[in-house]
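Examining the three-dimensional arrangement
Listed below are the residues making up each chain.
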Amino acid sequence: MNAHDQRHAARANAPTTTYLYDAYDKAFVKSRVDEFREQVRRRLDGALSEDEFRPLRLMNGLYLQLHAYMLRVAIPYGTLTSRQMRRLAEIADKWDKGYGHFTTRQNLQYNWPKLVDTPDILEALADVEMHAIQTSGNCIRNVTADQFAGVATDEFEDPRPTAEFLRQWSSLHPEFSFLPRKFKIAVSGAKEDRAAIKFHDIGLRVHANERGEAGYEVIVGGGLGRSPFVGKTVRAFLPRADLLAYLEAILRVYNRFGRRDNKYKARIKILVHETGLEQLTREIETEFAAMDRAPFAFDLEEFERIRGFFAPPPYETLPARSEAFEEARRKDAAFDAFASVNVTEHKIPGYAIVTVSLKPIGGIPGDATSDQMRVLAEAAERFGFGELRVSHAQNIVLPHVKQDDLFALWRLLDGAKLATPNAGLISDIVSCPGLDYCALATARSIPIAQAISERFKDLERQRLIGELGIKISGCINACGHHHIGAIGVLGLEKRGKESYQITLGGDPTLSAAIGELLGPGVVAEDVATVIESLIEIYLRERREGERFLDAWRRLGQARFKEALLREGEDGADI
Amino acid sequence: MALISEGRFIEDGWRRLAEEESLPKEGKCIVSEARLAEAIGALPSDAPLGVLLANTADPAKLAPYLSRLSLVAIAFPAPGDGRGFSLARLIRRAGFKGELRASGRLIADQATHALRCGFDTIEIASDIAARQNAAQWSAALSAYGAFYQQGYASRAAILAERRKAPA
């Protein structure tokens, strides 16, 4: 242990707020690193063909991209410690180009690792109880959850114990590691859905039945990609003890009957669509009834063991309102803007949830430099019980900050260009890497995000526009989730030129909706202008307190088509 | 083809019958699912008999024959096609106690997946056997001490180990 590690090890005695590996977890992840090291060696000496190696490396998060390999590291249910964040920064410096990219699925991507270095990177991750297991490949992917888990005011139950339970169950599953296609599970335990559970292969919503017992609504077959679908409920209430057995039943039906003839029709959403919800539910229930559920009968004991790790940190008893915080807001307009946009109410009086935007004006959505990662780690250590979260909007969350500390935290963040007050606003754009990095992309997406961000760089105007999600994908695979953006942008290639389709009305929450196409595609240079026209229509028509999405629902798509027509008529800026 | 059991290459005492071949009087033979009823009718009831299934086979249709069979082989057309793992589970669940064989393009890295789903032996294509020697198949079996899942064969489940360990 070097001096640096010791400094942080001192905090290891602090009560845990997240899962800690025991000897079994450590041995398991270590075995996966050793196995992967051997797999790389066997690929290089020819024992494994490239076709054989590809699924093995993918199952360990390693993609071959346009320019280089990309390593995707899992941040299970989006929770990480300051120590883990520091390690991510070290890896970025040592084996990458000094930065990393936080994704919409609570993962971190390194864009420039070398194949031969990846076993060492994985070992460095394993040291801090992290891995890249099943962040890619046709298997059960990293399980995601609400980024406000454990601290949200509207929460029924912290979804993270369930997610950790599923992380373990899904790791190197003997039967479900070679599925027709990837399989994504998300868990939410709050009234408001911040985990997009209706757009996952399986979405789980923790809630109580009429007797007050906790269980799950099981939603199946949601997804984006080429054919977007809103997930459908197969069980309104599943008793907790049956969770694993029921998931095994769903996965077994999918593994056997999911299509394998066409990778674009292989997700479970297509099986649901083609088989019909009623018939598929019957098949799942038949399998569930036929299987031996005894091996799963001890679930609850293990669940309680895991739940013990997610205890609340030692909060102080504080007044609900911090005088120091209010005073700082009055004195500093920039801080006040940050406080009104990036700070969310916490369930404990005197505390706050802080969203740190990784969307600086004109920046690359989700990117953080190693220095910024270290500042985030320091911020968590000084002001937030050493804990951080990654949101599916590609931002970082500090889940437990004393209101008294918010001003000092803001100054620390501001010094590292991490205080952009735009969480949830028009420049808080979700974007895939697009043609600049990705081998699948048909158009650029990052430069489009940057152009929109620049166009709306006036933060006061952004606040006036209010809550609005713009999501951009650089191809129909929809990694930028454009289908569920209130404004979605899809980059395509048309006769050798980039063309961008705009959709309106997408909604990732429980009121789930897939965006509707506004009209013909526009060229890259016009995207920001069309969006500005849409915003002008909205500002003119909106009622008091009405969000863009609500106004669109009330007014209808036709009212917004004008934005495109006007653009088409004279092509000039409006 | 090469046959692997417990991380070693072994002799195969079974012979796969070609579709046009007539049923032999003796020896251990494996027939296709289409010829299963014919073979059961034609062979003495104590003649060792095996069947090769496509990974899309319906285990319910096979259930009446399971007690008569000494071997069930399931085809793996490609390493990425995991249907055979679920089919193996279902055939074990239906009570099959004989040799369950994975047959086709599995690689050493999938050896424990196969064993845990209930397979006893793995039969692989010669080109894979030429690249992946016994050492690799054997090493694959000891790559992990324990796995997380319960209710699967061949290896201790971490949850069970945790419960045994003193708190």
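Being a predicted model, the structure only gives us computed values, none of them experimental. (Residues numbered from 1 in each chain as written. Chains lettered and ligands numbered in written order. Predicted model: local features only at pLDDT ≥ 70, side-chain atom pairs only at ≥ 80, totals over all residues.)

**Side note on the confidence of the model for chain A**
One rule of thumb: low pLDDT means the predicted coordinates there are not for detailed reading. Residues and elements named next belong to chain A. Selection criterion: Confidence scores here are pLDDT values: one per residue, from the predictor, ranging 0 to 100. Contact criterion: two residues are in contact if their C-beta atoms, reconstructed from the backbone, are within 7 Å.
This prediction gives chain A a mean pLDDT of 93; 95% of its residues lie at or above 70. This stretch, residues 1-13, has a pLDDT under 50; its non-local contacts, to residues over four places away or in other chains, come to 6 contacts. Between residues 567-574, whose pLDDT stays under 50, and residues either more than four places distant or in other chains, the model counts 10 contacts.

**Quick notes on the pairing of strand β8 (residues 121-124) of chain B**
Residue and element names in this part refer to chain B. Inclusion rule: In this scheme the burial state of a residue depends on its C-beta neighbours within 10 Å: 20 or more other such atoms mean buried, 12 or fewer mean exposed, and anything in between means partly exposed; the C-beta positions come from the backbone. Strands here mean DSSP runs of E at least two residues long; helices mean DSSP runs of H or I at least four residues long; both are numbered from the N terminus. Note on pairing: DSSP must find at least two bridges between two strands before they are called paired. Orient the strands so they point away from the viewer, and a crossover whose first-strand-to-second-strand path over the helix runs clockwise is right-handed.
Both faces of β8 are covered, namely the face carrying Thr121 and Glu123 and the face carrying Ile122 and Ile124. Relative to β8, strand β1 (residues 2-5) is paired through 4 bridges, and the arrangement is antiparallel. Counterpart to Ile4 in the pairing with β8 is Ile122. Bridge count between strand β7 (residues 99-104) and β8: 4 bridges; the pairing is parallel. From the neighbouring strand, Ala102 faces β8, where its bridge partner is Ile122. What joins β7 to β8 is helix α4 (residues 111-116), and the crossover it makes is right-handed.

**Brief notes about the interface of chain A and chain B**
Note the cut-off: For this classification, Asp, Glu, Lys and Arg are treated as charged, while Ala, Val, Leu, Ile, Met, Phe, Trp, Tyr, Cys and Pro are nonpolar and the rest, including Gly, are polar.
Taken together, the 31 residues of chain A in the interface contact 30 residues of chain B. For the side of chain A that touches chain B, the per-class residue count stands at 14 nonpolar, 9 polar and 8 charged.

**Describing the packing of helix α4 (residues 82-95) of chain A against helix α5 (residues 118-127) of chain A**
All names here are of chain A. Test applied: Simply put, an axis is a line fit to the C-alpha atoms, just over the touching stretch for a helix, and the angle between two N-to-C directions goes from 0 to 180 degrees. Each angle is binned into one of four classes, with values under 35 degrees roughly parallel, values over 145 roughly antiparallel, values of 65 to 115 roughly perpendicular, and all other values oblique. Put simply, a crossing is left-handed when the front helix is turned counterclockwise from the back one by less than a right angle, and right-handed when it is turned clockwise.
Closest axis-to-axis distance for the α4/α5 pair is 10 Å, and the angle between their directions is 165°. Classified by the angle between their axes, α4 and α5 sit roughly antiparallel to one another. Handedness of the crossing formed by α4 with α5: right-handed. Across the interface between the two elements, Arg87, Ile91 and Trp95 of α4 pack against Ile121, Ala124 and Leu125 of α5.

**Some points on the nonpolar core**
This is how the line gets drawn: In this usage, the nonpolar core is the set of buried Ala, Val, Leu, Ile, Met, Phe, Trp, Tyr and Cys residues whose C-beta atoms join them within 7 Å.
Ranked by size, the top nonpolar core spans 207 residues in total, and within it A:Ile250, A:Leu376 and B:Val72 carry the most contacts. It is helix α7 (residues 243-257) of chain A that contributes the most residues to this core, 10 residues altogether. In contact with A:Leu376, not counting residues within four places along its chain, are A:Met85, A:Val356, A:Leu388 and A:Ile396.

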